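Inside the fold
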Amino acid sequence: MPVARPEPQEPRVIAHLDLDCFYVQVEQRRNPALRGQPTAVVQYNDWKGGGLIAVSYEARKFGVKRSMRGDDAKNACPGINLVQVPVSRDKADLNVYRSAGSEVVAILSTKGKCERASIDEVYLDLTDAAKEMLLESPPEMSESIFEEATKSNILDLPSDASDREENVKTWLCRADADYQDKLLACGAIIVAQLRVKVLEETQFTCSAGIAHNKMLAKLVSGMHKPAQQTVVPSSSVQDFLASLPVKKMKQLGGKLGSSLQDDLGVETVGDLLGFTEENKSTMETWLWKTARGLSGEEVEDRLLPKSHGCGKTFPGPKALKNNSSVKSWLDKLCEELSERIQSDLSCNKRVAQTLTLHARALKENECNSLKKFPSKSCPLRYGTGKIQEDAMKLFESGLHDFWGSRNTGWSITSLSVTASKIFDIPSGSGSILKFLSQSQSACREKRNFDGLICSNQGSVTAFLRFYILIIAYCNQCEVFIACQIFTILGHASTSGASDAEQLGKNDSNTAEGRSAGSTWMLNVEDIDPAVVGELPLEIQREIQGWIHPSKQTSTKKRGSTISSYFSPSRR
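1. Some points on the overall build of the protein
A tally of regular secondary structure across the protein gives 21 helices and 15 strands. Counting across all 571 residues of the protein, residues that qualify as buried make up 46%. A sequence separation of at least 24 residues applies to 68% of the contacts in the protein between residues at least 6 apart. When the accessible surface of the protein is split by element, carbon and sulfur atoms take 49% of a total near 28,900 Å².

2. Notes on the packing of helix 4 (residues 95-108) against helix 7 (residues 179-202)
One way to put it is that helix 4 packs onto helix 7 with a least axis distance of 10 Å and a crossing angle of 140°. Between helix 4 and helix 7, the crossing angle belongs to the class labelled oblique. As helix 4 packs across helix 7, the resulting crossing turns out to be right-handed. From helix 4, Glu 103, Val 104, Ile 107 and Leu 108 reach across to helix 7, where they touch Leu 194, Lys 197, Val 198, Glu 201 and Thr 202. When grouped by side-chain class, the residues that make up the contact of helix 4 with helix 7 number five nonpolar, one polar and three charged.

3. Comments concerning the sheet that holds strand 3 (residues 51-55)
An order of 3-2-4 is seen for the three strands of this open sheet, with the pairing classed as mixed. In this open sheet, the two edge strands, each paired with only one partner strand, are strand 3 and strand 4 (81-84). Averaged over all pairs of adjacent strands, the angle between their axes in this sheet comes to 35°, without regard to strand direction. When strand 2 (residues 39-43) meets strand 4, the two strands line up parallel, connected through four bridges. The partner of Val 42 across the bridge, within strand 4, is Gln 84. Contacts from helix 1 (residues 22-30) reach strand 2, strand 3 and strand 4, with the element oriented near 105° to strand 2.

4. Quick notes on the pairing of strand 10 (residues 206-211)
Most of strand 10 sits out of view: six of its six residues are buried. Of the strand pairs in this sheet, strand 1 (residues 14-19) and strand 10 are connected by six bridges, and their pairing is antiparallel. Directly across from Leu 17, in strand 10, lies its bridge partner Ala 208. In this structure, strand 10 lies alongside strand 11 (residues 229-231), joined through three bridges in parallel fashion. Bridge assignment links Ile 210 to a residue of strand 11, and that residue is Val 231. With helix 8 (residues 214-221) bridging strand 10 and its parallel neighbour strand 11, the resulting β-α-β unit is left-handed.

5. Remarks on the pattern of salt bridges
Side-chain pairs of opposite charge can arise whenever the charged atoms involved come near each other. Overall, the coordinates contain 27 salt bridges when judged by the stated rule. The closest approach of N and O atoms between Lys 182 and Glu 140, which form a salt bridge, is 3.6 Å. With a gap of 42 residues between them, Lys 182 in helix 7 and Glu 140 in the loop between helix 5 (127-136) and strand 9 (153-154) connect regions that are remote in the sequence. Judged by relative accessible area, which is 26%, Glu 140 ranks as partly exposed. Here Glu 148 and Arg 195 are joined by a salt bridge, their closest N and O atoms 3.2 Å apart. Placement of the pair is Glu 148 in the loop between helix 5 and strand 9 and Arg 195 in helix 7, with a sequence separation of 47 residues.

6. What to know about the environment of Gln 229
Tracing the chain through its elements places Gln 229 in strand 11. For Gln 229, a relative accessible area of 1% translates into the label buried. For the pair Gln 229 and Ala 208, spaced 21 residues apart in sequence, the C-alpha separation works out to 4.5 Å. Discounting residues that sit within four places of it in the chain, Gln 229 has contacts with Ser 152, Asn 153, Ala 188, Val 191, Ala 192, Arg 195, Ala 208 and Ile 210. Among the polar contacts made by the side chain of Gln 229, one reaches the main-chain carbonyl oxygen of Ala 188 at a distance of 2.9 Å.

7. Some points on the side chain of Ser 56
Relative to the assigned elements, Ser 56 resides in the loop between strand 3 and helix 2 (57-60). Filtering out sequence-adjacent residues up to four positions away, Ser 56 remains in contact with Cys 21, Val 24, Gln 37, Pro 38 and Thr 39.

8. Re the sheet that holds strand 14 (residues 376-379)
Strand order in the open sheet formed by four strands is 12-15-13-14, with antiparallel pairing between adjacent strands. With one partner strand each, in any of the chains shown, strand 12 (308-313) and strand 14 form the two edges of the open sheet. Taking the axes of each pair of neighbouring strands and ignoring which way they run, one obtains an average angle of 15° across the sheet. Looking at chain direction, strand 13 (residues 350-363) and strand 14 are connected through four bridges and run antiparallel. Residue pairing across strands places Thr 354 opposite Pro 379, the latter belonging to strand 14. Sheet strands in contact with helix 12 (residues 323-348) are strand 12, strand 13 and strand 15 (410-424), and its direction is about 15° off that of strand 15. Here helix 13 (residues 384-403) sits on the sheet and contacts strand 13, strand 14 and strand 15; the angle it forms with strand 13, its principal contact strand, is near 40°.

9. Describing the packing of aromatic side chains
Going through the model one piece at a time under the given rule, you end up with seven aromatic pairs. Between Phe 373 and Phe 402 the ring centres are 5.7 Å apart and the planes differ by 40°, which places this aromatic pair in the tilted class. With Phe 373 in the loop between strand 13 and strand 14 and Phe 402 in helix 13, this residue pair connects regions lying 29 residues apart in the sequence. Where Phe 395 meets Trp 410, the ring centres are 5.9 Å apart and the plane angle is 65°; that geometry is what we call edge-to-face. One end of the pair, Phe 395, is in helix 13; the other, Trp 410, is in strand 15, with 15 residues separating them in the sequence. Residue Phe 395 is classed as buried on the basis of its relative accessible area of 0%. Given a relative accessible area of 1%, Trp 410 falls into the buried group. Residue placement shows Arg 60 over the ring face of Tyr 57; its charged tip is 4.3 Å from the ring centre. Its guanidinium or amino end placed over the ring of Phe 402, Lys 363 lies 5.0 Å from that ring's centre, counting from NZ or CZ.

10. Examining the environment of Ala 76
Within the element layout of this structure, Ala 76 appears in helix 3 (residues 70-76). Along the sequence, Ala 76 and Lys 61 sit 15 residues apart, while their C-alpha atoms lie 10.0 Å from each other. When sequence neighbours within four positions are dropped, the list of residues in contact with Ala 76 reads Phe 62, Val 64 and Met 68.

Parameters and conventions
Residues numbered from 1 in each chain as written. Predicted model: local features only at pLDDT ≥ 70, side-chain atom pairs only at ≥ 80, totals over all residues. Heavy atoms only, no water. Helix = DSSP H or I, 4+ residues; strand = E, 2+ residues; numbered from the N terminus. Buried < 20%, exposed > 50% of the residue type's maximum accessible area, 1.4 Å probe, protein only. Contact = heavy atoms within 4.5 Å. Areas by Shrake-Rupley, 256 points an atom, 1.4 Å probe, with all protein chains shown as cover. Axes fitted to C-alpha atoms, helices over the stretch in contact; angles between N-to-C directions. Parallel < 35°, antiparallel > 145°, perpendicular 65-115°, else oblique. Left-handed = near helix turned anticlockwise from the far one by under 90°. Nonpolar A, V, L, I, M, F, W, Y, C, P; charged D, E, K, R; others polar. Pairing = 2+ DSSP bridges. Right-handed = clockwise from strand over helix to strand, strands pointing away. Salt bridge = Lys/Arg side-chain N within 4 Å of Asp/Glu carboxyl O. Polar contact = N/O pair within 3.5 Å; in protein donor to acceptor, adjacent residues only side chain to side chain. Phe/Tyr/Trp six-rings, centres within 6.5 Å; stacked < 30°, edge-to-face > 60°. Lys NZ or Arg CZ within 6 Å of the ring centre and 35° of its normal.

Honestly, it's all geometry; don't read function into it.
This is the structure in structure tokens:
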């Protein structure tokens, strides 16, 4: 349910930038011969030439639309160039487009808080940058205005006048404008500069909307395309929204918008002005504010995606009708997902916590064939094989809820797996040895752990968990690495005693107990190679040393490796 967020006390400058027919621009950069030619990017399959996912403006003049199939596009525009999306694992591979989008984000994020909304959309909070410009070099005091900014579309200003650019320049430089409009004028200049920089460095054009909140900026960014920008002064908001179809508004394009139309006769945003704010529900408060162009939604400081997802549709006769075909496709999707989250871990030091499976399914010969296939989630375990195994278990659980114990009579028309709840690994991740030695030094000043030992009568699980607590206590910021070590050695406990009991024993150990303890032995078979592969290289090398020890005599002193660190004889 939409929730009305409090409006900020100070005026903001928010921009929404949308790359123009982005997939086509990427292909045109890869093949410059396509520039100026009718072009479309097609996600290939063998039915009617595949589906169009992006259409150039040259092709749109011939009536080509994104909803068309490739064959239909050729009929409408015989000279169209159809470029196929790269294919990997029998499905579309969008990595080249994701990388191109990241280039743009890197440029835009230099001027303010940046939220990557999708592969080709970005929100910017330019409030601080606009205030700085207004303080140091206000437009009304400048001898010249950045040329691209004078081409802006300002709501309430005529856009077809012969002297439009001069009118825009006058609006940008008004000395008698209120503070909000002066900030917007600075924002318009900043956005124009950013758009030119994006074009120069990436060869991509983009369109933009500049307003005092995200909702309005998003609404107008596509009004004048391609390669243009639109500004929404506060004085023009009411007239702009009055005639806007209600389904154009964010969160009103689906069932809620249909309900407003069918049940309340609301067709335009202006019709929502009849709602009152006092003594109303949360929903009605949100509608009241939406009708007046009010939104307190903040721009999130996020350059990276909130989740990673891989999916595939199986329309018509391609629907999956047995577990083996589902498993085959899930394995491919999970393999791609594993690569992406592993890359995110390596490049961005981020870890995903939750694996979710989504599917669409149909029941054969059933009146209630539209029952939804339930989404299922579980903690995400790194490693391709583990993700594949867990995804299949999630599917089987969802299928049982959807269809009971029967294993026939169903068909899957869509499958996807998603890794979500992604968090940053704290900085400072290095060798576990270095980290643990630092932890030991720091903790020695706070507590005395001389009595802590690890023996074959104790719990390795408890020992490792105890050290995870030490890590948090000492602010060493290595919880992720410690948890990975815990995963590797998770089955090495040789005692049935509970963790709490063993910790109590360890805390009360005496010299007699230490002398009685014997060496803890690592069972190599308990080490999971998939988890080892997720650790830093320094630790991987040490673990490989456990499994394949060097034949040369070691000159290392006790305490210089992970294995000796965990040795019970360590003092």
